[in-house]
Amino acid sequence: MKIDISYSDRVGFLRTLKQENKSIASARSMHYTRLGSTGMQISRICLGTMSFGNSEEWMVEIEKARPIVNRALDLGVNFFDTANVYSKGRSEEIVGELLKDHRDDVVIATKVRLSTGEGPNNEGLSKYHIMDQVKKSLKRLGTDRIDLYQTHRWDYSTPIEETMLTLNDLVRQGTVNYLGTSSMFAWQFAKALAASDFLGIARFVSMQNHYNLCYREEEREMIPFCKDQGTALIPWSPLARGFLTGRYKRGGKVDTARYRSDKYFAERFFKPEDFDVVERAEEIAKEKGVTVSQIALAWMLHKGVCAPIIGATRVEHLEDAVSSLEVKLSSDDMKRLEEPYKPHRIIGPLPIPEPAS
Ligand SMILES: NC(=O)c1ccc[n+]([C@@H]2O[C@H](COP(=O)([O-])OP(=O)(O)OC[C@H]3O[C@@H](n4cnc5c(N)ncnc54)[C@H](OP(=O)(O)O)[C@@H]3O)[C@@H](O)[C@H]2O)c1
């Protein structure tokens, strides 16, 4: 069946299907996969929770987050991502509260590295900062273990051996199950894995990088390297912060809370070449009778990504994402989707600091 609907009709459309008890998402069963080369099973959609909290206008507090998490659990999502810095820890508190009755059925991922306050030891990947932050994350999450503990960017001032030995201690003591990391240059990731292998200790098993139909620079080095190493790819902002949903039109007026208050959104997307990509996705979405976001996520799932980390501020966003698991793309569809892409400046890794003069 082909359904030709505009964005503005989409939410109503999903609601109507739901009322008729024919929700696309609930009619399907969740897909699971191993997190890279580990034995731990994760849902192929991860619910990111940077949107839970109160530090910016576009985020949602616990009353609005609750139905999203409950629906995620209903649909079989078992993988949830947060960070110590999201809304200064409020995101971790919300995740802890909403998942407390499901702790042994879910995989909780959080992060450490970015600044948590004034002072030289309130950021980075030193033993000092990691040991301080892991205790605080556990407390906010209301749990005795973190399933996936991720470093949130490279730390240019701490030897990687110190970081990996500290993280390995957390694994050995059972505080952390697996280690993961996030956006960095491929040479840095290679250095971290080599350090772990040389020391014979736990290595990073996942890479949370910036990857979507409008930002594909990771295909040059990082993604082939991760595939070679059996590292799980769990990209962030798979819908380019909402740009890849078809709701933003070329030359149209842009006035969403996220556009107004997310400082990275406007400067990263909205270029003519980004509209070329989203318009191509729209074309294919129309042909298949699905939404643009489903096409953008399906493309990624067809590229060998383990689980995109999606963001949601409404239940419908989550349902739409889960429905993408059922969308099949041919090699011709994939080629057409990729064809308009133009290289972008690097987004994600922290730049190499200038040497002190
Ligand atoms: N490691 C890192 O450095 C890093 C960086 C960024 C994010 N992350 C992780 O990645 C997660 C996702 O990031 P993100 O929020 O940027 O992801 P995203 O999936 O690219 O964008 C999510 C936004 O897209 C819009 N959206 C989603 N589905 C939609 C639909 N069906 N129709 C219309 N709009 C829809 C919503 O925007 P509105 O809310 O405006 O409606 C939603 O908040 C975060 O929660 C976090 O866990 C990690």
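Residues numbered from 1 in each chain as written. Predicted model: local features only at pLDDT ≥ 70, side-chain atom pairs only at ≥ 80, totals over all residues. Heavy atoms only, no water.

**As for unusual backbone geometry**
- The phi angle at Ser-87 is positive, at roughly 45 degrees, despite the residue not being glycine.
- Tracing the backbone through its elements, the reader meets Ser-87 in the loop between β4 (79-81) and α3 (90-99).
- Within the chain, Arg-153 stands out as a residue other than glycine whose phi angle is a positive 100 degrees.
- By secondary structure assignment, the location of Arg-153 is in the loop between β6 (146-151) and α5 (160-172). (Helix = DSSP H or I, 4+ residues; strand = E, 2+ residues; numbered from the N terminus.)

**As for the pairing of strand β5 (residues 107-112)**
- With respect to burial, β5 is a largely interior element, six of its six residues being buried.
- Between β4 and its parallel partner β5, the chain crosses via α3, and the hand of that crossover is right-handed.
- The pairing of β5 with β6 spans four bridges and is parallel. Paired with Lys-111 across the bridge in β6 is Gln-150.
- Where the polypeptide runs from β5 across helix α4 (residues 127-141) and back to β6, its parallel neighbour, the crossover connection is right-handed. (Buried < 20%, exposed > 50% of the residue type's maximum accessible area, 1.4 Å probe, protein only. Right-handed = clockwise from strand over helix to strand, strands pointing away. Pairing = 2+ DSSP bridges.)

**Regarding the packing of aromatic side chains**
- Applying the stated criterion across every chain yields a total of 13 aromatic pairs.
- A ring pair is formed by Phe-270 and Phe-275, whose centres lie 6.3 Å apart and whose planes are at 70 degrees; its orientation type is edge-to-face.
- Looking at Phe-270, the relative accessible area reads 16%, which means it is buried.
- In this structure Phe-275 comes out as buried when scored by relative accessible area, which is 6%. (Phe/Tyr/Trp six-rings, centres within 6.5 Å; stacked < 30°, edge-to-face > 60°.)

**Considering the pattern of salt bridges**
- Under the definition given, this model contains 32 salt bridges.
- We note a salt bridge from Arg-216 to Glu-338, for which the minimum N-O separation is 3.5 Å. Of this pair, Arg-216 sits in the loop between β8 (204-208) and α7 (222-229) while Glu-338 sits in helix α13 (residues 331-338), and the two are 122 residues apart along the sequence.
- Assessed through its relative accessible area of 11%, Arg-216 is described here as buried. (Salt bridge = Lys/Arg side-chain N within 4 Å of Asp/Glu carboxyl O.)

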